[in-house]
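Listed below, chain by chain, are the residues.
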Amino acid sequence: MTQTIDYGVKRMIKLLNLHESASKLLLLSFFILCSAVISAQELPDTIFNKDAPAFSNIIQDVPPDILSVVIAPESPRADQETYIKADVRVDPVQSIFKVQEVILHYSADNENFVSIPMEYVKDEDIWQGRIPPQPAGAEVTFYLTARDEIGNAVSELPMLSKLSAENLTKVVTDDNDEGIPSSLDFLGINFGTDGTNLLVCMVLEKPFEAMINSSASIFGLGFVEDDLRLHQTRSQTDITGLFIAFAPLLNKIGIFSIEDVVSNRPPRKAGAEVVSKNKSVCARAPISALTSTPERGLKFFAANITLNANSGEVLPGDATPYAIVYFRPHIYKVLP
């Protein structure tokens, strides 16, 4: 390990000790350590002093969670409405923010989904929605998405017959940010699964640029596979977390850990692909390469920076809110 890398790790560990939940800072450290591949200059202290609004929510990492979903009646007839009741909340011990909206998405063909807002029932402390009567014999698929007051989200995902950027679920939305290049400005993250693979598209204001103002663009999609219900704020503070990286100019594309980057090793797990297309950077990977316990779901966030190989200057770009994603839809069959 070079002195430059050692300096960066020590400074990052110091920052991690100041933040109980610092997975975005760890992702930033991943980006910074990439500089060792092409530069041996000492990391500038100024990167940690800059006011980067897009990174201002680094410790607000507790998304809402879907704790239970009840269908009534469980097997509706063709002339009956179906009531969906869900316990969706943000852990009040770990976050001051509340659930702002819950959306019910349903379809009788698992392709054309209708989205309707659910209502909060204060007396029962639950969210409720209604699916109108469906044809007899129809197999209805539905799933929920929810967001809190600062944009952290949770979503269940339907099983898609074909994975493409056009039919993904919009889970994270992110406002336009001033002061950063449009090709770094995240507008959201969309997710989709076929039960075996996961496709994630980070949507940008303008198409991806590998180089901006003589600096390399570095994108990362961080994910946490710990049991989210027990440790919602657990981050990769052990420096063992994995990231899906997209840094074409640094030849870093795929799934990496901090150790992989420091040792200049190839991607850790096979099968992950990352490409830029139009205004999106999309990553496709087998779910088994991301987690051994898919029933627990995964917690995601995206971030990017630029790195100037000549000056060594590292500038934060944008970072999204956090999202929990579950690989599960709900399905019921309509009786005659």
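Residues numbered from 1 in each chain as written. Predicted model: local features only at pLDDT ≥ 70, side-chain atom pairs only at ≥ 80, totals over all residues. Heavy atoms only, no water.

Below, the discussion takes up the environment of asparagine 278. Relative to the assigned elements, asparagine 278 resides in the loop between β16 (273-277) and β17 (280-286). When the C-alpha atoms of asparagine 278 and leucine 204 are compared, they prove to be 8.9 Å apart, with 74 residues separating the residues in sequence. Contact partners of asparagine 278, with chain neighbours within four places excluded, come to Pro207 and Phe208. (Helix = DSSP H or I, 4+ residues; strand = E, 2+ residues; numbered from the N terminus. Contact = heavy atoms within 4.5 Å.)

A word on the confidence of the model for the protein. Note: predicted coordinates in regions of low pLDDT should not be interpreted at a detailed level. Scored by pLDDT, the protein has a mean of 80; 77% of the residues are at 70 or more. Confidence, expressed as mean pLDDT per element, reaches its minimum in the protein at helix α1 (residues 3-18) with 37 and its maximum at strand β6 (residues 126-131) with 98. Within the model, the stretch residues 235-239 combines pLDDT values under 50 with 18 contacts to residues more than four positions away or in other chains. (pLDDT = per-residue confidence, 0-100.)

It is worth spelling out the pairing of strand β3 (residues 99-107) at this point. Counting buried positions along β3 yields 7 of 9 residues, so the element is predominantly enclosed. Relative to strand β7 (residues 139-148), β3 runs antiparallel, the two sharing 8 bridges. Looking at the pairing, isoleucine 103 lines up with threonine 145 of β7. Bridge count for β3 against strand β4 (residues 114-117) is 4 bridges, and the pairing is antiparallel. For tyrosine 106, the partnering residue across the bridge sits in β4 and is valine 114. Here β3 folds back onto β4 in antiparallel fashion, the turn holding 6 residues, of which asparagine 110 has a positive phi close to 60°. (Buried < 20%, exposed > 50% of the residue type's maximum accessible area, 1.4 Å probe, protein only. Pairing = 2+ DSSP bridges.)

Here, disulfide denotes a covalent bond that connects the sulfur atoms of two cysteines. Applying the stated criterion across every chain yields a total of 1 disulfide. Across the disulfide, cysteine 201 is cross-linked to cysteine 282 (sulfur-sulfur distance 2.0 Å). Disulfide cysteine 201-cysteine 282: the torsion about the S-S bond is 110°, which places it as right-handed. Note that cysteine 201 is positioned in strand β11 (residues 197-204) and cysteine 282 in strand β17, a separation of 81 residues in sequence. Cysteine 282 matches cysteine 201 in its accessibility class, with the two residues each being buried. (Disulfide = S-S within 2.5 Å.)

To continue, consider the pairing of β17. With 5 of 7 residues buried, β17 lies mostly within the body of the structure. Summarising the sheet, β11 and β17 pair through 7 bridges and their orientation is antiparallel. Looking at β17, one finds that leucine 199 is bridged to arginine 284. Where β16 lies against β17, 5 bridges are found, and the strand directions are antiparallel. Looking at β17, one finds that glutamate 273 is bridged to arginine 284. Counted between consecutive antiparallel strands, the loop separating β16 from β17 contains 2 residues, among which asparagine 278 sits at a positive phi close to 55°.

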